[in-house]
Amino acid sequence: MRVLKRKLMISMLIIGICLYAFGNLSFAEKWQPYQFRGDERYEYKVTWKQNGEKKEAIYALELKKTDQKTGEGEDIFEVTYINKGTLSREQLESGAFFGFWSLYGISLNILMLNPAYSFFFTQMDLKIGEKMNFYGAGTVKVIAKEKVGGREGFVCQLFQEDKLLVEWVIDPDLAMPLRSRLFEENKLQSQIELVKYSKI
C-alpha cells in the first residue's frame, strides 16, 4: 500500500512538473523583427528633443503584396513611406524636403530598433518576469503588458548596470515594435509610438 501511494505521489509530481513546463512554453512567445506579412499599414508618432525643444512628426509605412515574384520566387511588395513634419523656409531652401530625418539628427531605424539589439528577441521568451543577460550589451527584462495604438504588447527594458537604455513594447504578431523609447541617464530622449495599425 505504501509503495502504491509513493508511486502515485511520484506520478502526480511528474505530471505537475510537465503541466507547469508546458504551460510556461505555451504562453511564452518569441519575436522575429521585421517579418512583414504585407497588405498592412503602420502609423507612428515620433517625438524627440532638439536643442532642448520637443519636436514631433508622423511616420507611416504601407506594404502591399503584388502579384509579382523575384527570380528566386519571393513575393514583391509595393512599399509607401510617409513622413509628415514641419520645416522652416530656410530648411526647405537647403533641400531638406528630400528627407528631413537626417536634418533632425535622428535615425528612425535606430529609434525603432537598433539592429545590434534585434537578436535579443530571437533568443528570449516574451512573458512577464522573463530576464536575460546579454554579456557586453546588458540585461533585458520583460516587466508588464501594455496597450499601445489599440494593440497589446510586452514591455521590454534594456539595462546596462542600473541605467535604463531602451524600452520597447512588443506585439509578437507585428513586424515592428508598438513603441520604442530611448533613454540617456535614465531620462527619456526620444520615442516612436504606434498610433494605428491596420490591414489593407
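Preceding block: the structure.
Not measured: the values here are computed from a predicted model.

## A few points about a nonpolar patch on the surface
Reasoning step 1: Among the surface-exposed residues, Phe77, Val79 and Tyr81 lie close enough to one another that they form a single nonpolar patch of about 280 Å² accessible area.
Reasoning step 2: Within the element layout of this structure, phenylalanine 77 appears in strand β3 (residues 75-84).

## Here we look at the packing of aromatic side chains
Reasoning step 1: If you walk through the whole model with that rule in mind, you get eleven aromatic pairs.
Reasoning step 2: Taking 5.3 Å as the distance between ring centres and 75° as the angle between the ring planes, the aromatic pair formed by tryptophan 31 and phenylalanine 121 counts as edge-to-face. Of this pair, tryptophan 31 sits in the loop between α1 (2-27) and β1 (40-50) while phenylalanine 121 sits in helix α5 (residues 120-123), and the two are 90 residues apart along the sequence.
Reasoning step 3: When the centroid spacing of 4.7 Å and the interplanar angle of 65° are considered together, the rings of phenylalanine 119 and phenylalanine 120 count as edge-to-face.
Reasoning step 4: Between the NZ or CZ atom of lysine 141 and the centre of the ring of phenylalanine 159, over which it lies, the distance is 4.8 Å.

## Digging into the pairing of strand β5 (residues 138-148)
Reasoning step 1: Note: strand β4 (residues 131-134) against β5, four bridges, orientation antiparallel. Each residue of the ladder has a partner; that of methionine 132, found in β5, is valine 140.
Reasoning step 2: Once β4 ends, the chain turns through three residues before running back antiparallel as β5, passing glycine 136 with a positive phi of about 90°.
Reasoning step 3: Bridge analysis of β5 against strand β6 (residues 151-160) gives nine bridges, and the strand direction is antiparallel. Its bridge partner being in β6, valine 142 is matched across the sheet by cysteine 156.
Reasoning step 4: Following β5, the chain reverses through two residues before pairing antiparallel with β6; glycine 149 in that reversal takes a positive phi of roughly 55°.

## Some thoughts on the nonpolar core
Reasoning step 1: By size, the foremost hydrophobic cluster in this structure holds 38 residues, and its most contacted members are Tyr42, Tyr44, Phe120, Phe121, Leu126, Cys156 and Trp168.
Reasoning step 2: Elements represented by at least two residues in this core include exactly β1, β2 (53-69), α4 (108-113), α5, β5, β6, β7 (163-170) and β9 (187-199).
Reasoning step 3: Contact partners of tryptophan 168, with chain neighbours within four places excluded, come to Met112, Leu113, Tyr117, Phe120, Phe121, Phe154, Val155, Cys156, Leu158, Pro177, Arg179 and Ser180.

## A few points about the sheet that holds β9
Reasoning step 1: If you walk across this open sheet you meet the nine strands as β3-β2-β1-β9-β8-β7-β6-β5-β4, and the pairing is antiparallel. A single partner strand is all that each edge strand has here, and the edge strands are β3 and β4. Ignoring strand direction, the axes of neighbouring strands in this sheet form an average angle of 20°.

Calculation rules
- Residues numbered from 1 in each chain as written.
- Predicted model: local features only at pLDDT ≥ 70, side-chain atom pairs only at ≥ 80, totals over all residues.
- Heavy atoms only, no water.
- Patch = residues over 30% accessible without salt bridge, like charges linked within 9 Å, V, L, I, M, F, W, Y side chains within 5 Å.
- Areas by Shrake-Rupley, 256 points an atom, 1.4 Å probe, with all protein chains shown as cover.
- Salt bridge = Lys/Arg side-chain N within 4 Å of Asp/Glu carboxyl O.
- Helix = DSSP H or I, 4+ residues; strand = E, 2+ residues; numbered from the N terminus.
- Phe/Tyr/Trp six-rings, centres within 6.5 Å; stacked < 30°, edge-to-face > 60°.
- Lys NZ or Arg CZ within 6 Å of the ring centre and 35° of its normal.
- Pairing = 2+ DSSP bridges.
- Core = buried A, V, L, I, M, F, W, Y, C linked by side-chain atoms within 4.5 Å.
- Buried < 20%, exposed > 50% of the residue type's maximum accessible area, 1.4 Å probe, protein only.
- Contact = heavy atoms within 4.5 Å.
- Axes fitted to C-alpha atoms, helices over the stretch in contact; angles between N-to-C directions.

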